[in-house]
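Okay, here's what each chain looks like letter by letter:
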Amino acid sequence: MGLLSYLRKRYKHFRRYNQIMSILLKYGFEDLVSYMEEKKRFIFLRKFIPKRTHEQALHLSKWEKVRLACEELGPTFVKFGQLLSNRPDLLPADLVHEFEKLQDKVPPMPGTVAIGVVETELKGKVADLFADFEVDAFASASMAQVHKAKLKTGEEIALKVQRPGIKEVIESDIKVMYYLAEVFTRRIPSLKSFEPMELVKNFEESIQKELDFVRESVSIQRFHNSFKNHKDGQYVHSPLVYREFTTSKVLALEFINGVKISNLEHMHKNGLDRELIAKRLATSYFRQVFDFGFFHADPHPGNLFILPDNKICYLDYGMMGTILHKDMEHLGSLFLSVRSKDVRKIIRSLQSLSGHPVIRNFRDLEADLNDFVQNYAVREVHKNEMSTVLLELKDIIIKHGLKVPSHFFLLARSLVTIEGVVHFLDPNLDLARMARPYLIRTVAKNYNPLLFAKRLFNSAYEIAKYMEDFPRDLKNAIRKINQGEIKVDLRHKGIDPIVHTLHRMTRQVIAAVIIAALLVGSSLMIVASTPPLWGDSSAPAVFGFILAGYMSYRVLRDIRKGDHDEWPGWEE
């Protein structure tokens with residue numbers, strides 16, 4: 001049984017791999033597929049793709065074809081593309097723009113299938129669990145769909161049901177992604193700077209969290225607790241989680257019957273104040289980012305509902321952003337430095353966010369930032385948008401090779417979204433002015449006398465502990481030097497690949513000399529009919545020709561590989 005299960009998994013993996021190759025070929029990525037196998041065994045799949053389909057793909061841009069290929073490859077690749085849309089520091093702007101268009105909408109699965117998942121997870125019949133259950137889903141995505149139900153106690157709930165088998169599909173696709181990333185890293189050195197393996201690893205961690213509905217319920221509870229005892233909590237609502245009906249594949253939430261924030265007509269009919277809502281939405285968002293360090297990362301209009309008394313309800317907590325306290329301080333300092341046009345402080349803030357990297361050309365960075373702050377100060381259009389600061393700084397960050405935390409770009413994207421919604425409701429609202437108190441308070445926390453005294457005390461304690469341990473450490477170091485246990489290993493990474501290449505060239509030259517000697521010697525033995533004979537020919541000469549032919553094949557194969565062979569040193 002174990003063997004059959006293993007063979008079944010291997011077959012599914014092989015079939016999926018072939019399917020991916022076929023779709024890549026369909027959209028004209030023959031050059032990419034050629035890197036997958038030296039023998040190019042997948043090129044024959046090109047013959048099974050209709051000529052008309054291939055010709056239609058030729059009229060698309062390169063990045064459009066990437067997006068369409070991801071959509072056709074299914075939910076795993078769609079989610080991966082959506083994740084990469086938050087990494088403009090790695091990908092071209094046009095590709096990021098295409099990934100932002102990726103659609104995560106698929107036809108709903110049959111209601112009977114959803115009922116089967118619910119009954120398996122909750123260990124009971126739907127009729128026994130709920131007073132009512134609507135078989136038809138009212139919302140559907142690639143990983144789950146949502147049904148409306150009513151509890152025995154009368155509460156209406158939204159039941160999010162995971163598609164059966166989706167976890168196995170995603171896990172299989174991730175294995176293929178790891179293989180693709182490994183091959184591309186080894187055979188296309190230019191992709192190494194994009195860190196393909198690390199990207200796949202980050203994606204695996206992200207999508208595993210999204211597959212676990214218990215984790216999403218924890219995010220909802222954490223969001224709720226952040227506002228629970230806060231004065232702003234009176235106008236911010238999050239759906240109630242029904243834990244007894246929640247598992248890793250089923251999530252039971254309070255059914256929200258409100259007005260979509262983009263529906264101005266219904267808002268007017270219900271007597272809702274759009275300007276007040278815009279102000280509350282902006283305030284709640286700044287509170288999440290700068291006070292809580294935990295924010296809703298996808299606040300588009302479909303995830304924002306308005307309840308009576310102008311209360312805002314956030315929906316869909318699958319994508320949440322987290323910011324460390326020290327990064328919040330740096331972000332606050334960054335925004336304030338832009339407002340005050342202090343280029344040196346901007347550079348210090350960016351360095352802090354990037355982990356204090358070495359800046360190769362400080363003067364060019366300073367000149368670019370000076371142009372940025374001067375242009376920002378005199379600009380009339382979008383002058384007050386904080387997202388403009390992050391998006392334009394993003395280009396400077398990428399240009400100068402600075403690496404900032406991934407949540408920087410997640411914040412920039414969500415900030416663009418929230419500003420769009422706020423300005424849709426109230427075009428005259430000055431978001432920069434609203435954010436200023438939060439920025440000042442965030443930066444001021446760093447200069448709080450009590451916190452400063454606490455940090456000073458901790459530093460003094462660490463120094464004291466170090467000085468206490470220093471004599472013992474010094475004694476141990478001297479003892480190891482005397483006993484010859486300390487060794488110095490000097491390596492120059494830039495030299496190793498050159499030495500490896502020289503070794504390969506030397507082997508090839510030596511092999512060529514041997515091949516030439518074999519050919520000349522064998523030819524002479526053929527002419528002289530050197531015994532023993534094989535038929536009418538010299539047997540040693542025939543063996544020499546065969547050996548020369550085999551060695552020639554190996555040398556040509558080695559030359560064809562170039563400098564990107566199986567040597568592990570390329571990974572370094």
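About the criteria used
- Residues numbered from 1 in each chain as written.
- Predicted model: local features only at pLDDT ≥ 70, side-chain atom pairs only at ≥ 80, totals over all residues.
- Heavy atoms only, no water.
- Helix = DSSP H or I, 4+ residues; strand = E, 2+ residues; numbered from the N terminus.
- Buried < 20%, exposed > 50% of the residue type's maximum accessible area, 1.4 Å probe, protein only.
- Expected span 1.5 Å × (residues − 1).
- pLDDT = per-residue confidence, 0-100.
- Contact = heavy atoms within 4.5 Å.
- Salt bridge = Lys/Arg side-chain N within 4 Å of Asp/Glu carboxyl O.
- Phe/Tyr/Trp six-rings, centres within 6.5 Å; stacked < 30°, edge-to-face > 60°.
- Lys NZ or Arg CZ within 6 Å of the ring centre and 35° of its normal.
- Pairing = 2+ DSSP bridges.
- Axes fitted to C-alpha atoms, helices over the stretch in contact; angles between N-to-C directions.
- Parallel < 35°, antiparallel > 145°, perpendicular 65-115°, else oblique.
- Left-handed = near helix turned anticlockwise from the far one by under 90°.
- Nonpolar A, V, L, I, M, F, W, Y, C, P; charged D, E, K, R; others polar.
- Core = buried A, V, L, I, M, F, W, Y, C linked by side-chain atoms within 4.5 Å.
- Patch = residues over 30% accessible without salt bridge, like charges linked within 9 Å, V, L, I, M, F, W, Y side chains within 5 Å.
- Areas by Shrake-Rupley, 256 points an atom, 1.4 Å probe, with all protein chains shown as cover.
- Arc of directions from axis to C-beta.

Draft legend 1. Seen up close, unusual backbone geometry. Cis geometry marks the peptide bond from Pro531 to Pro532, where omega comes out at -5°. Phi is positive for Asn310, which is not a glycine, with a value near 60°. Structurally, the position occupied by Asn310 is in the loop between β9 (304-307) and β10 (311-314). On the accessibility criterion, Asn310 (12% relative accessible area) is buried. Phi at Asp316 takes a positive value of approximately 60°, unusual for a residue other than glycine.

Draft legend 2. View of helix α17 (residues 386-399). Its 14 residues give α17 an end-to-end C-alpha distance of 21 Å, which sits within 8% of 20 Å, the value for a rise of 1.5 Å per residue. Every buried residue of α17 is listed here: Met386, Ser387, Thr388, Val389, Leu390, Leu393, Lys394, Ile396 and Ile397. The positive-phi residue at the C-terminal boundary of α17 is Gly401, with phi of around 70°.

Draft legend 3. Structural view of the confidence of the model for the chain. On average, residues of the chain score 79 in pLDDT, and 78% of them are at 70 or above. Predicted confidence is poor over residues 38-50, with pLDDT under 50, and the contacts of this stretch with residues over four places away or in other chains come to 23 contacts. Overall, residues 380-384 carries pLDDT values under 50, and its contacts beyond four positions in sequence, including any with other chains, amount to seven contacts.

Draft legend 4. Region of interest: the pattern of salt bridges. Summed over all chains, the structure comprises eleven salt bridges. Close ionic contact of Asp291 with Arg441 constitutes a salt bridge, the shortest N to O distance being 3.3 Å. In this pair, Asp291 is assigned in helix α13 (residues 274-292) and Arg441 in helix α19 (residues 431-444), connecting sequence segments 150 residues apart. Through salt bridges with shared partners, one network takes in Asp232, Arg287, Asp291 and Arg441.

Draft legend 5. Highlighting the packing of aromatic side chains. Tallied over the entire structure, the rule returns eleven aromatic pairs. Seen from their ring centres, Tyr285 and Phe295 are 6.4 Å apart, and the 75° between their planes marks the pair as edge-to-face. One end of the pair, Tyr285, is in helix α13; the other, Phe295, is in strand β8 (residues 294-296), with ten residues separating them in the sequence. Ring centres of Phe286 and Tyr438 lie 6.0 Å apart, and the angle between their planes is 45°; on these two criteria the pair is classed as tilted. With a gap of 152 residues between them, Phe286 in helix α13 and Tyr438 in helix α19 connect regions that are remote in the sequence. Assessed through its relative accessible area of 8%, Tyr438 is described here as buried. By the ring-pair criterion, three or more aromatic residues cluster together here, those being Phe223, Phe227, Phe292, Tyr314 and Tyr317. The ring of Phe294 has Arg222 sitting right over it, with the charged end atom 3.9 Å from the ring centre.

Draft legend 6. Main features of the sheet that holds strand β5 (residues 236-237). Strand order in this open sheet of four strands is β5-β10-β9-β7, and the pairing throughout is mixed. Here the strands that pair on one side only, and so sit at the sheet edges, are β5 and β7 (259-260). Taken together, the two bridges between β7 and β9 define a ladder with antiparallel strand orientation. Of the residues in β9, the one forming a bridge with Lys260 is Phe305. Set on the sheet, α13 makes contact with β5, β9 and β10; between it and β10 the angle comes to about 50°.

Draft legend 7. Inspection of the packing of helix α5 (residues 75-84) against helix α10 (residues 196-211) at higher detail. As a packed pair, α5 and α10 sit with axes 10 Å apart at the nearest point and diverge in direction by 110°. It follows that α5 is roughly perpendicular to α10 by the angle criterion. In terms of crossing hand, the pair formed by α5 and α10 is right-handed. Seen from α5, the contacting residues are Thr76, Lys79, Phe80, Leu83 and Leu84; seen from α10, they are Leu199, Val200, Asn202, Phe203, Ile207 and Glu210. Residue classes in the contact of α5 with α10 are distributed as seven nonpolar, two polar and two charged.

Draft legend 8. Looking closely at the nonpolar core. With 73 residues, the main nonpolar core has Leu281, Phe286 and Leu369 as its most contacted residues. Of all the elements, helix α18 (residues 406-425) adds the most residues to this core, at ten residues. With near-sequence residues (within four places) excluded, Phe286 lies in contact with Asp291, Met386, Leu431, Met434, Ala435 and Tyr438.

Draft legend 9. The environment of Leu264, seen in detail. With respect to the helices, strands and loops of the structure, Leu264 is situated in helix α12 (residues 264-269). By relative accessible area, Leu264 is classed as partly exposed at 26%. Put simply, Leu264 and Leu425 are 161 residues apart on the chain and 8.3 Å apart in space, counted from C-alpha to C-alpha. Excluding its chain neighbours within four sequence positions, the residues that come into contact with Leu264 are Arg274, Phe424 and Leu425.

Draft legend 10. Structural context of a nonpolar patch on the surface. Together, Phe543, Leu547, Tyr550 and Tyr553 line one region of the surface with nonpolar side chains, adding up to about 450 Å² of accessible area. For Tyr553, the position within the fold is in helix α22 (residues 539-561).

Draft legend 11. Geometry of the environment of Arg507. Secondary-structure assignment places Arg507 in helix α21 (residues 495-528). Judged by relative accessible area, which is 47%, Arg507 ranks as partly exposed. Along the sequence, Arg507 and Val555 sit 48 residues apart, while their C-alpha atoms lie 8.9 Å from each other.

Draft legend 12. Geometry of the pairing of β10. Where β5 and β10 come together, two bridges link them in parallel fashion. Pairing of His237 across the sheet is with Cys313, part of β10. The sheet contact formed by β9 and β10 spans four bridges and is antiparallel. By the bridge assignment, Leu304 is partnered in β10 with Tyr314. Counted along the chain from β9 to the antiparallel partner β10, the turn is three residues long, and its residue Asp309 has a positive phi close to 65°.

Draft legend 13. Quick peek at the environment of Ile277. For Ile277, the position within the fold is in helix α13. We classify Ile277 as buried; its relative accessible area is 0%. As a C-alpha pair, Ile277 and Tyr235 span 42 residues in sequence and 9.2 Å in three-dimensional space. Each residue touching Ile277, except ones within four places of it in the same chain, is listed here: Ile261, Met267, Leu272, Ile306, Asn310, Ile312 and Leu425.

Draft legend 14. Representation of α10. Its 16 residues place the ends of α10 22 Å apart at the C-alpha level, agreeing with the 22 Å of an ideal helix rising 1.5 Å per residue. For α10, every residue scored as buried is listed here: Pro196, Leu199, Val200, Phe203, Ile207 and Leu211. The buried residues of α10 occupy an angular sector of 100° when projected down its axis, which confines them to one face.

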